[in-house]
Amino acid sequence: MRGDAPGLLLAALGVAAALGVHAVVPAVPKLTAAVVLGMAAAHLPGLRPVVRGIARPGLSTAGKRLMRAGIVLLGLKLSLGDVLGLGWATVVMVLAVVAATFAGTLWLGRRLGLPGDQSLLVATGYSICGASAIGAVSQAAGSEEEDVAASVALVTLCGTLAIAVLPLLQHPLGLGEVEFGRWVGASVHDVGQVVATAQTGGAGALREAVLVKLMRVMLLAPLVAGVAVVARRNLRAARAAGAAGTEPGTAAGADAAAENPVKTGSRPPIVPLFVAGFLAMIVLRTTGVLPEQALGLAGDAQELLLAAALFGLGSAVHLPTMMRTGGRIALLGLGSWVVVAGVSYAGVLITT
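Residue positions are given per chain, counting from 1 as you read along its sequence in written order. Two thresholds apply to this predicted model, a pLDDT of at least 70 for residue-level local features and 80 or more for giving and counting side-chain atom pairs, whereas whole-chain, interface and lining totals are computed over all residues. The side-chain numbers reported here are obtained from all heavy atoms of the structure, hydrogens and water having been left aside.

Let's shift gears to the overall build of the protein chain. Along its length, the protein chain carries 19 helices and zero strands. The contact definition used throughout considers only heavy atoms, calling two residues in contact when any of these lie within 4.5 Å. Long-range pairs, those at least 24 residues apart, make up 81% of the contacts in the protein chain with a sequence separation of at least 6. Summed over all atoms, the accessible surface of the protein chain reaches about 15400 Å², with 69% contributed by carbon and sulfur. Going along the chain from the N terminus, every DSSP run of H or I of four or more residues is numbered as a helix, and every run of E of two or more is numbered as a strand. Only the protein chains shown count as cover for residues, and the accessible areas themselves come from Shrake-Rupley with a 1.4 Å probe.

Here it is as structure tokens:
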């Protein structure tokens, strides 16, 4: 823990700066500011040696462990009763949007030849809940930190652009208050970005957007469990192939293990502990035993934890590396944005 102290302190300062940015410019969500500030810290001449050196262990811890804690507390924002109150037609619409966005983005990313888990992570971020979902799935898949950082940066950028673009399309697309809110909730990535976008359409739009968005968040747990199952299967296949063609202790075996130690050296659980905690928090919120004050404090803690985690992930972004795949990942982001916005728009028209 001592080695993590400089990085955790820097993450805390980053969170304070993100809160300051949000206070001065309320249109900028705290989590978006945290990612951008983390990226800035990684490239400022005065901070760059610190971020890449003494602070790196603590920033990595923030990006992983604090992310898990924040995702657990995210479950307290969800109530089964509120979500089911939207009706089965809306539930089916959300399922269709998530499935189409995830499958379409994953297919396009692989066609574009993106490295590592970037296709999987971007697909997750667009279809579920932005950076939080990317963090959750990356934990189950054992993704490389560079892939996580690049995916978070892309999803954050596109979600931020949605705050400015979607309100301009409300009237040209003929969407009323309720329809606009549901469209925003079904198509915008991060919860904070959903709130910032939907509030331009009025109180009714904001309520519908948040409920639809939280319904998407509920799909995080089964998605992470599915990714963990695939990771276990791939690990078994890799071990079988290694036993058949690469003996343990050989140079080839050592190189393969060094290239991806998480994926080849561990056995991911079918349901990660933090996902079980996320589900437990949903059940706890549904019981109604927690007072509003406790829920408010938990919500504040969740935002702070996720902000620290996203600052840590942002600090891992290396722009020169991103530039090498920048055109392809930008094309993936644009294509996925078209899919999620188009499918959710059609779904809203059909179900309202």
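Now that the structure has been shown, the text picks up again.
Every definition here rests on a 1 Å grid over the protein atoms only: cavities are sets of points where a 1.4 Å probe fits but cannot get out, pockets are open sets enclosed by protein on both sides within 12 Å along at least five of seven lines, and lining residues have some atom within 4 Å of a point. Grid points are joined across faces, edges and corners, and a volume is the space filled by probe spheres set on the points. What the rule picks out here adds up to one cavity of 30 Å³ or more. By volume, the largest cavity is sized at about 60 Å³. What lines the largest cavity is simply Leu 31, Thr 32, Val 35, Gly 130, Ala 131, Val 155, Thr 156, Asp 190, Gln 193 and Leu 310. A total of three residues in the lining of the largest cavity trace back to one element, the largest contributor, which is helix α2 (residues 30–43).

Each Phe, Tyr or Trp ring (for Trp, its six-membered ring) is paired with any other whose centre lies within 6.5 Å, and the angle between the two planes then decides the class: stacked below 30 degrees, edge-to-face above 60, tilted in between. Tallying each qualifying case throughout the model produces two aromatic pairs. A centroid spacing of 6.1 Å and a plane angle of 65° characterise the contact between Trp 183 and Tyr 345, whose relative ring orientation is edge-to-face. In this pair, Trp 183 sits in helix α10 (residues 177–187) while Tyr 345 sits in helix α19 (residues 326–351), placing the two residues 162 residues apart along the sequence. A relative accessible area of 3% places Trp 183 in the buried class. Using a relative accessible area of 21% as the deciding quantity, one classes Tyr 345 as partly exposed. An aromatic cluster of at least three residues, connected via ring pairs, comprises Phe 180, Trp 183 and Tyr 345. Note on exposure labels: buried denotes an accessible area under 20% of the residue type's maximum, exposed denotes more than 50%, and partly exposed covers the range between, all computed with a 1.4 Å probe on protein chains only.

Grouped together as the largest cluster of nonpolar side chains are 90 residues, with contacts concentrated most on Tyr 126, Val 152, Val 184, Val 224, Phe 278 and Leu 310. Broken down by element, the residue count for this core peaks at nine residues, all from helix α9 (residues 145–169). Put simply, buried Ala, Val, Leu, Ile, Met, Phe, Trp, Tyr and Cys residues joined by side-chain atoms within 4.5 Å make one nonpolar core.

In a pair of packed helices, the angle between the axes and the distance between the axes together describe the arrangement. The axes used here are C-alpha line fits, helices contributing only the stretch in contact, and every angle between their N-to-C directions lies in the interval 0 to 180 degrees. It is at 7 Å that the axes of helix α7 (residues 118–127) and helix α8 (residues 130–141) come closest, and there the two elements cross at 140°. Put simply, α7 runs oblique to α8. Between α7 and α8 lies a crossing whose hand is right-handed. Side by side, α7 and α8 meet where Leu 120, Leu 121, Thr 124 and Gly 125 of the first sit next to Gly 130, Ala 133, Ile 134, Val 137, Ser 138 and Ala 141 of the second. Of the residues in the contact of α7 with α8, the class split is six nonpolar, four polar and no charged. Each angle receives one of four descriptions, namely roughly parallel if under 35 degrees, roughly antiparallel if over 145, roughly perpendicular if within 65 to 115, and oblique otherwise. The hand of a helix crossing depends on one turn: near helix anticlockwise from the far one by less than a right angle means left-handed, and clockwise means right-handed. Each residue receives one of three labels: charged for Asp, Glu, Lys and Arg, nonpolar for Ala, Val, Leu, Ile, Met, Phe, Trp, Tyr, Cys and Pro, and polar for the others, Gly being one of them.

Our focus in this paragraph is the side chain of Thr 124. Tracing the backbone through its elements, the reader meets Thr 124 in helix α7. Assessed through its relative accessible area of 0%, Thr 124 is described here as buried. Those residues in contact with Thr 124, other than ones at most four positions away along the chain, are Phe 102, Cys 129, Ala 133, Ile 134, Val 137 and Leu 223.

So, about the pattern of salt bridges. Opposite charge on two side chains permits them to pair, given that their charged atoms come into close proximity. A pair is scored as a salt bridge if a Lys or Arg side-chain nitrogen falls within 4 Å of a carboxyl oxygen belonging to Asp or Glu. Enumeration according to the criterion identifies three salt bridges in this entry. One salt bridge connects Arg 56 with Glu 145, and the closest N-O pair in it is separated by 3.3 Å. One end of the pair, Arg 56, is in helix α4 (residues 56–74); the other, Glu 145, is in helix α9, and 89 residues separate them in sequence. Its relative accessible area of 17% is what places Arg 56 among the buried residues. Salt-bridge contacts for Glu 208 lead to Arg 182; the nearest nitrogen and oxygen are separated by 2.8 Å. Residue Glu 208 is found in helix α12 (residues 203–218), and its partner Arg 182 is found in helix α10; the two are separated by 26 residues along the sequence. This pair shows no difference in class: Glu 208 is buried, exactly as Arg 182 is.

So, on to the confidence of the model for the protein chain. Known as pLDDT, the predictor's confidence for each residue is given on a scale from 0 to 100. Considering every residue of the protein chain, the mean pLDDT works out to 82; 87% of them sit at 70 or more. Contacts for the low-pLDDT stretch residues 246–266, under 50 throughout, to residues beyond four places or in other chains number 20 contacts.

Right, let's talk about the environment of Ala 298 for a bit. Looking at the element boundaries, Ala 298 is found in helix α17 (residues 292–314). C-alpha separation for the pair Ala 298 and Leu 76, spaced 222 residues apart in sequence, amounts to 7.6 Å. Residues within four places of Ala 298 in sequence aside, it is in contact with Leu 73 and Leu 76.

What follows is about helix α16 (residues 273–287). Every α-helix carries 3.6 residues per turn, so stepping three or four residues along brings you back to the same face. Along its 15 residues, α16 runs 21 Å from first to last C-alpha, staying within 8% of the 21 Å computed at 1.5 Å per residue. For α16, every residue scored as buried is listed here: Phe 274, Val 275, Gly 277, Phe 278, Met 281 and Ile 282. The buried residues of α16 all sit within an arc of 155° when viewed along its axis, so they share a single face. At the C-terminal side of α16, Gly 288 shows a positive phi close to 80°. How far a helix is expected to stretch is found by multiplying one less than its residue total by 1.5 Å. The arc in question is traced by the directions running from the helix axis to the C-beta atoms.

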